[in-house]
Number of protein chains: 2
Amino acid sequence: MYKCSLERMSDKIKTFSTFGDAGHGGITRYSLSPAAHQAREEFVKRMEAIGAKIECDDVACMYATLEGTDPNAKRIVMGSHCDSVKNGGNYDGILGVMTGMEVLETVAAENIPHKHPLTAMIWTNEEGSLYPPAMMVSGIICNDYLPPELAVNFKYDNMMASKPMDDSEFANFGEALAATKFKGPKENRISPDKYCAMFEAHLEQGPILEDEGNEVGAVQLVMGMFNYSVKFSGFSAHAGTFPMAKRHDALYAAASFLVELHNRYDALNAEVVASGQPEFVYTTGEINVHPCIHTVIPDEAVFSLDVRHPDPEVRKKAMDILKELAAKDWCLCKCEIEEQWVRDTVYFDKNLVGFVEESMEELGLKWQKILSGAGHDAQFCAYMIPTTMLFARTKDGLSHCEPEHVSDEDCTAVASATLNAVLKADKFYD
Amino acid sequence: MYKCSLERMSDKIKTFSTFGDAGHGGITRYSLSPAAHQAREEFVKRMEAIGAKIECDDVACMYATLEGTDPNAKRIVMGSHCDSVKNGGNYDGILGVMTGMEVLETVAAENIPHKHPLTAMIWTNEEGSLYPPAMMVSGIICNDYLPPELAVNFKYDNMMASKPMDDSEFANFGEALAATKFKGPKENRISPDKYCAMFEAHLEQGPILEDEGNEVGAVQLVMGMFNYSVKFSGFSAHAGTFPMAKRHDALYAAASFLVELHNRYDALNAEVVASGQPEFVYTTGEINVHPCIHTVIPDEAVFSLDVRHPDPEVRKKAMDILKELAAKDWCLCKCEIEEQWVRDTVYFDKNLVGFVEESMEELGLKWQKILSGAGHDAQFCAYMIPTTMLFARTKDGLSHCEPEHVSDEDCTAVASATLNAVLKADKFYD
């Protein structure tokens, strides 16, 4: 068993937190922004300091590699992203990058023998906060391996044309990419020809590890999900002049529907949990009404519905309830639902998951099996090469916000677990 | 009894509908826009054709006056606005302007004797669609007479600084006003020194006259109202990673509150109606959630609540329910309410209302007493000089939209009722 260095990890956390520092504890570090370039420079500086070879590919992913003893062996890679959401925290993405760096630094410092080349990686533009969509670059790189209904959303040319959602000096993602110095040849992309395994460490972004008193989690899968828009159509009239009984109020319809949907979903969840399965999660994060004027009865209200669970049978039951409710009129308004996207559950590689679990156990960490409700680059990568993820305990379950926090100790624990799992993979693969 | 001309009224309706024609049956005619200037030119042309004298005041209100037989008598004015909402209809506002014009044209054509000068008027910027707020210019002109809590919202300097809500060649209302040729001296403003009565004809904007089979309504009052914002505060977390029971979902809180509020308000309304009073109307037209991202549980949701009824006791009961519900937690979220504005019921002048009712009856029109749920310039003017309103039947109760419609016959009927009521006022006042 090898252990990573708390001191070295703490230093990285402190240093990377300055790149894009928004002044109140968190960061805004859009992909390919000056702040992200600072983080990439730091990655180069620290990796070159241990003798790693730096490469970039055509979509600005970065690879720092320590050669192994077998010149023909494929690489084992540990990576995540260095970009953040607007006013995000100091851990989402960069923890996985720092973990890869820390593993290589430990291997170098302690001269740990390994057959395969070991690579620390930065995936470009995972958040998609400036240039949507999220997981853009893993979607591009893994495109040939994704199910067609997913692949179509990440076509290279379309992604290059992605327009910024906030202030930017570039008109689209392609221009930002053309301007970065961290661009290399397409041959440098991660691929099954040259890579045999991918590990992504990440903060949990939920409260489960904390609530269970565990430090780290061995991620089994990324939950399947469906995301629908739910639209109600009535008609507008003046708030002061139109009798209550004649109204077709689209917002009141939406509110009534939401309350009934919650009641039905909570009842279904009780059944799901009673059957021994984890609960499904469901969220309405977005609502828009038209014309959205305080003196006008809304003629249209549209909200999003996001439902996630590993088991397709559970998702189907949730979908059936949605369809049943949508078939009715609500407050004299018509309801229509439309699929935005759907994805199946992605199971991580059994061998790699096993190596992670063994390592956590052998290190004496408090750990558990856990599911990922969020999407990550690893989920696309899993379609291409054997892949798995490790989670670190997240304070109060908060992420994508400035109070997002993982203790230095838990960051180091997830790095140590990654290191030992990587060494098991190093032995396992030819 | 005198009657206005259906043919002349139809011609005006057809002509004014071309100014700002949006190409699908309605108009967009923002205040002081080129389209509104076309309408003002037409007003001048037609009023000069019957020998009326044209005046403008410092806030671009326009007055066309036929002198009466008594050189010392104060003016009787009939007016409304010529601006519209975006993609509005061909009647809101302009019907009251055309009514004033039609009355003067009838008086001129039939040589009807009158003691007082009779004035047709255009009020500037009633809708406030380009430069908010609504009823801006009547708020400025009547400012000294308004209750202080209303007056403060219409201070001249603040109104001049009002920024456009849509494309405009001007930076603010003051600049638009400086550029218009329909600007004159402040002395020309409507005032109690020079005016003894104001009549405003308007379309009902609701379905009550149509449902009762009546052509016109004698408006008794403008309902008092309160408008509040209702805010729910929870916290944001990731839609895929946060357990349902730990969520503080501000949108679900808002939806639950809205459904309960509707239940309580409908029960209160049943009591109000059982006691012989008209129902109160209540509307949530606006809702905004933060951050409004489909994968993030909202940490804040704010909606508007607009409640209208003539009786302050009924409004107080509605307010008590709002306060009672707001004192509770909703789905683990805190609720806070904040007053946006409140106005008392404005009762129209009893004499003028009586003249309108007598005229409608004597003309053999199908008419009824009616209340106004919407605000109008007449409501501010009523604080300054004796004022009343007449309503015309509105197809399907629709207004502020392109299908807004009043038949030519009903437009002519409301003009005839105005003419005869004006002649009664002409006899009544010294």
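Please refer to the structure higher up on the page.
Bear in mind that the values here come from a model prediction, so they are computed numbers and not experimental data.

## Details of the packing of aromatic side chains
Geometry of an aromatic ring pair is reported as the spacing of the ring centres plus the angle between the planes. All names here are of chain B. Summed over the entire model, instances satisfying the criterion amount to 30 aromatic pairs over all chains. With centroids separated by 5.7 Å and ring planes inclined at 90 degrees, the aromatic side chains of Phe16 and Phe19 adopt a geometry described as edge-to-face. Accessibility classification places Phe16 together with Phe19 in one group, the buried group. On the numbers, 6.1 Å between centres and 45 degrees between planes, the contact of Tyr63 with Tyr195 is tilted. In this pair, Tyr63 is assigned in strand β2 (residues 62–66) and Tyr195 in strand β5 (residues 195–203), connecting sequence segments 132 residues apart. Neither Tyr63 nor Tyr195 differs from the other in exposure class; each is buried.

## What to know about the nonpolar core
Phe232, Phe257 and Tyr265 of chain A together with Phe232, Phe257 and Tyr265 of chain B are the most contacted members of the largest nonpolar core, which has 72 residues in total. Residues in contact with Phe257 of chain B, not counting those within four places in the same chain, are Val230, Phe232, Phe303, Leu322, Leu325, Ala326, Trp330 and Cys335 of chain B.

## Focus: the relation of the copies chain B and chain A
The two copies are related by a screw motion: chain B maps onto chain A through a turn of 180 degrees and a shift of 0.1 Å along the axis, at an RMSD of 0.1 Å. The relationship between the two copies is best expressed as a two-fold rotation axis. Considering only C-alpha atoms, the residue of chain B closest to the rotation axis is Ala255 of chain B, which sits at 2.3 Å. Most of the interface of chain B is mirrored in chain A: 100% of its interface residues are interface residues there too.

## Observations concerning the packing of helix α11 (residues 350–362) of chain B against helix α13 (residues 408–428) of chain B
Residue and element names in this part refer to chain B. Orientation of α11 relative to α13, taken along the N-to-C sense of each, is 130 degrees, at an axis distance of 8 Å. Between α11 and α13, the angle falls in the class oblique. Of the two possible hands of crossing, α11 and α13 adopt the one that is right-handed. On the side of α11, the interface is formed by Asn351, Leu352, Phe355, Val356, Glu358, Ser359, Met360 and Glu362, while α13 contributes Ala417, Asn420, Ala421, Lys424, Ala425 and Phe428. A class-by-class count of the residues in the contact of α11 with α13 yields eight nonpolar, three polar and three charged.

## What about the interface of chain B and chain A?
Accessible area lost upon the coming together of the parts is a frequently used measure of interface size. Tallying the contact residues gives 55 residues for chain B and 55 residues for chain A. Interface of chain B and chain A: buried area, both sides summed, is about 4400 Å²; carbon and sulfur atoms make up 63% of it. Of all residues in chain B, the largest losses of buried area upon contact with chain A belong to Met244, Tyr252 and His294 of chain B, amounting jointly to 14% of the total for that side. One can count two salt bridges joining chain B with chain A. Here Asp211 of chain A makes a salt bridge to Lys246 of chain B, at a shortest N to O gap of 2.9 Å. For the side of chain B that touches chain A, the secondary-structure elements that each account for two or more residues are α8 (208–212), α9 (250–274), β8 (281–283), β9 (287–290) and β10 (300–309) of chain B. Ranked by residue count, the leading element in the side of chain B that touches chain A is α9 of chain B, at nine residues. When its residues are assigned to classes, the side of chain B that touches chain A shows 26 nonpolar, 20 polar and nine charged.

## Focus on unusual backbone geometry
The omega torsion of the bond from His290 of chain A to Pro291 of chain A falls at 0 degrees, within 30 degrees of zero and hence cis. In this structure, Pro291 of chain A sits in the loop between β9 (287–290) and β10 (300–309). The omega torsion of the bond from Pro132 of chain B to Pro133 of chain B falls at 5 degrees, within 30 degrees of zero and hence cis. Residue position: Pro133 of chain B is located in the loop between β4 (118–123) and α4 (136–141). Even without being a glycine, Met135 of chain A presents a positive backbone phi close to 55 degrees. Along the polypeptide, Met135 of chain A turns up in the loop between β4 (118–123) and α4 (136–141). The exposure class assigned to Met135 of chain A is buried, which follows from its relative accessible area of 9%.

## A few points about the environment of Pro291 of chain B
The partly exposed category is assigned to Pro291 of chain B, whose relative accessible area is 28%. Sequence separation between Pro291 of chain B and Ser236 of chain B is 55 residues; the distance between their C-alpha atoms is 8.2 Å.

## Let's talk about the pattern of salt bridges
Residue and element names in this part refer to chain A. Counting across every chain of the model gives 47 salt bridges over all chains. For Glu42, the salt bridge identified is with Arg46, shortest N-O distance 2.6 Å. Remark: Arg46 and Glu42 occur in helix α2 (residues 34–49); sequence separation between them is four residues, near one turn of the helix. The class for Glu42 is buried, based on a relative accessible area of 8%. Residue class for Arg46 comes out buried when judged on its relative accessible area of 14%. Of the charged contacts, one joins Arg393 and Asp410 as a salt bridge, the two residues approaching to 2.8 Å between their closest N and O atoms.

## A few points about helix α9 (residues 250–274) of chain A
All names here are of chain A. Helix length check: α9, at 25 residues, gives a terminal C-alpha distance of 36 Å against a target of 36 Å (1.5 Å per residue), a fit within 8%. The opening residue of α9, the one whose side-chain oxygen lies 3.0 Å from the backbone nitrogen of Leu251, is Asp249. Gly276 sits one or two positions beyond α9 and adopts a positive phi of about 95 degrees.

## A look at the side chain of His238 of chain B
For His238 of chain B, the position within the fold is in the loop between β7 (224–233) and α9. The residues contacting His238 of chain B, other than those within four sequence positions of it, are Gln205, Arg308 and Ala374 of chain A together with Arg247, Thr295 and Ile297 of chain B.

## Details of helix α3 (residues 94–109) of chain B
All names here are of chain B. Compared with the 22 Å implied by 1.5 Å per residue over 16 residues, the 22 Å span of α3 between its first and last C-alpha is a close match. In terms of residue burial, α3 counts as a mostly covered element, since 14 of its 16 residues are buried. Of the residues trailing α3, Asn111 is marked for its positive phi of about 55 degrees.

## So, the pairing of strand β6 (residues 216–222) of chain A
All names here are of chain A. Counting buried residues in β6 gives seven out of seven residues, a clear majority hidden from the surface. For β6 and strand β13 (residues 367–372), the ladder comprises five bridges, and the chain directions are parallel. Opposite Val216, over in β13, you have Trp367 as the bridge partner. Examined bridge by bridge, β6 and strand β14 (residues 387–392) share four bridges and lie antiparallel to one another. Along β14, the bridge assignment pairs Gly217 with Phe391.

About the criteria used
Residues numbered from 1 in each chain as written. Chains lettered and ligands numbered in written order. Predicted model: local features only at pLDDT ≥ 70, side-chain atom pairs only at ≥ 80, totals over all residues. Heavy atoms only, no water. Phe/Tyr/Trp six-rings, centres within 6.5 Å; stacked < 30°, edge-to-face > 60°. Buried < 20%, exposed > 50% of the residue type's maximum accessible area, 1.4 Å probe, protein only. Helix = DSSP H or I, 4+ residues; strand = E, 2+ residues; numbered from the N terminus. Core = buried A, V, L, I, M, F, W, Y, C linked by side-chain atoms within 4.5 Å. Contact = heavy atoms within 4.5 Å. Least-squares fit on C-alpha atoms with pLDDT ≥ 70 in both. Axes fitted to C-alpha atoms, helices over the stretch in contact; angles between N-to-C directions. Parallel < 35°, antiparallel > 145°, perpendicular 65-115°, else oblique. Left-handed = near helix turned anticlockwise from the far one by under 90°. Nonpolar A, V, L, I, M, F, W, Y, C, P; charged D, E, K, R; others polar. Buried area = accessible area lost by both parts, 1.4 Å probe. Salt bridge = Lys/Arg side-chain N within 4 Å of Asp/Glu carboxyl O. Expected span 1.5 Å × (residues − 1). Polar contact = N/O pair within 3.5 Å; in protein donor to acceptor, adjacent residues only side chain to side chain. Pairing = 2+ DSSP bridges.

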